[in-house]
Amino acid sequence: MEIEKYDIEGPLLLKPKVFRDHRGFFMEAYNKRVFEELGIISDFVQDNHSKSVKHTLRGLHYQVNRWQAKLVRVIQGEIWDVAVDIRPNSPTYGKSVCATLTCANQHQFYIPVGFAHGFQVVSETAEVIYKCSDFWSPEDERGVLWSDPQLGLNWPNPDSPILSDKDLKHPEFKNLRLD
Ligand SMILES: Cc1cn([C@H]2C[C@H](O)[C@@H](COP(=O)(O)OP(=O)(O)O[C@H]3O[C@@H](C)C(=O)[C@@H](O)[C@H]3O)O2)c(=O)[nH]c1=O
């Protein structure tokens, strides 16, 4: 497993070792012991799987009270994935880190608690799976407006994103809700 750190403390880009042979490939997608050795001590309790069509943009999402660390990967297609630092006392508050995740590169994006998360689909369709360190809690769901210029995010297709009704209505970053 290769690991890349970012300028922002916390998120990691993980490049698992992939064993290829005439049958295809094998990889350990998650190994609690190895991840803990890397300092990723999240106790993952829920796996999510979504499929989206090209230009779909999901985000930017986080939960309060039941904060979720996430381990994101793509099993079909390609996405641009982003995590925005919303830890109030962080020196990098409001800054973001991103990763291109594809079924070919097998990379995984580890997003600790304290970040808002979103992605946009670059390929015709993409299937994304991610582990979460706490359960979904609808009343604790919060969001930030994906297009807020203050965040300065370089979405692959900002002109015609496909969004949920919910994602159209999130507040701007200056009105971030942490309660
Ligand atoms: C997030 C979630 C949704 N749902 C349901 C609620 C709703 O009817 C349907 C679709 O939900 P959403 O529109 O919120 O799905 P989506 O926009 O894909 O939400 C996800 O976006 C990415 C970026 C994240 O980081 C996730 O934590 C999550 O917020 O699925 C669950 O049953 N469990 C869950 O954990």
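Looking at an unreviewed UniProt entry, one finds the protein named dTDP-4-dehydrorhamnose 3,5-epimerase, with Sulfidibacter corallicola as its source organism. The UniProt entry for the protein carries the following comment under Subunit (unreviewed entry): "Homodimer." Annotation of the protein in UniProt includes, under Pathway (unreviewed entry), the sentence "Carbohydrate biosynthesis; dTDP-L-rhamnose biosynthesis."

Caption draft 1: Structural context of the pairing of strand E10 (residues 108-111). Every second residue of E10 is oriented toward a common face, with Gln 108 and Tyr 110 on one face and Phe 109 and Ile 111 on the other, all of them buried. Relative to E10, strand E7 (residues 70-76) runs antiparallel, the two sharing three bridges. Pairing of Lys 70 across the sheet is with Ile 111, part of E10.

Caption draft 2: Inspection of the sheet that holds strand E1 (residues 2-5) at higher detail. Pairing within the open sheet is antiparallel, and its six strands lie in the order E1-E2-E10-E7-E12-E5. For this open sheet the edge positions go to E1 and strand E5 (46-53), each flanked by a neighbour on one side alone. Within this sheet the neighbouring strands show an average axis-to-axis angle of 25 degrees, counted without direction.

Caption draft 3: Seen up close, the sheet that holds strand E8 (residues 78-85). Read across the sheet, five strands follow the order E9-E8-E11-E6-E13 without closing on themselves; strand pairing throughout is antiparallel. On the outer flanks of this sheet lie strand E9 (96-102) and strand E13 (141-143), each paired with one strand and no other. Each strand axis lies, on average, 25 degrees off the axis of its neighbour in the sheet, ignoring direction. Relative to E13, strand E6 (residues 57-63) runs antiparallel, the two being bridged by three bridges. Within E13, the position partnered with Tyr 62 by the bridge is Arg 142.

Conventions adopted
Note on numbering: residues in each chain are counted from 1, in written sequence order. Restriction of local features to residues with pLDDT of at least 70 applies here, the model being predicted, together with a cutoff of 80 or more for giving and counting side-chain atom pairs; totals for whole chains, interfaces and linings are based on all residues. UniProt positions are given in the numbering used here, feature names are shortened, and annotations may be inferred rather than shown by experiment. As a rule, residues whose C-beta atom has 12 or fewer other C-beta atoms within 10 Å are exposed, those with 20 or more are buried, and those in between are partly exposed; C-beta atoms are placed from the backbone. Note on conventions: DSSP H or I runs of at least 4 residues are helices, E runs of at least 2 residues are strands, and numbering of each starts at the N terminus. At least two DSSP bridges between two strands are needed for those strands to be called paired. All axes are obtained by fitting lines to C-alpha atoms, using only the stretch in contact for helices, and the reported angles, taken between N-to-C directions, cover 0 to 180 degrees.

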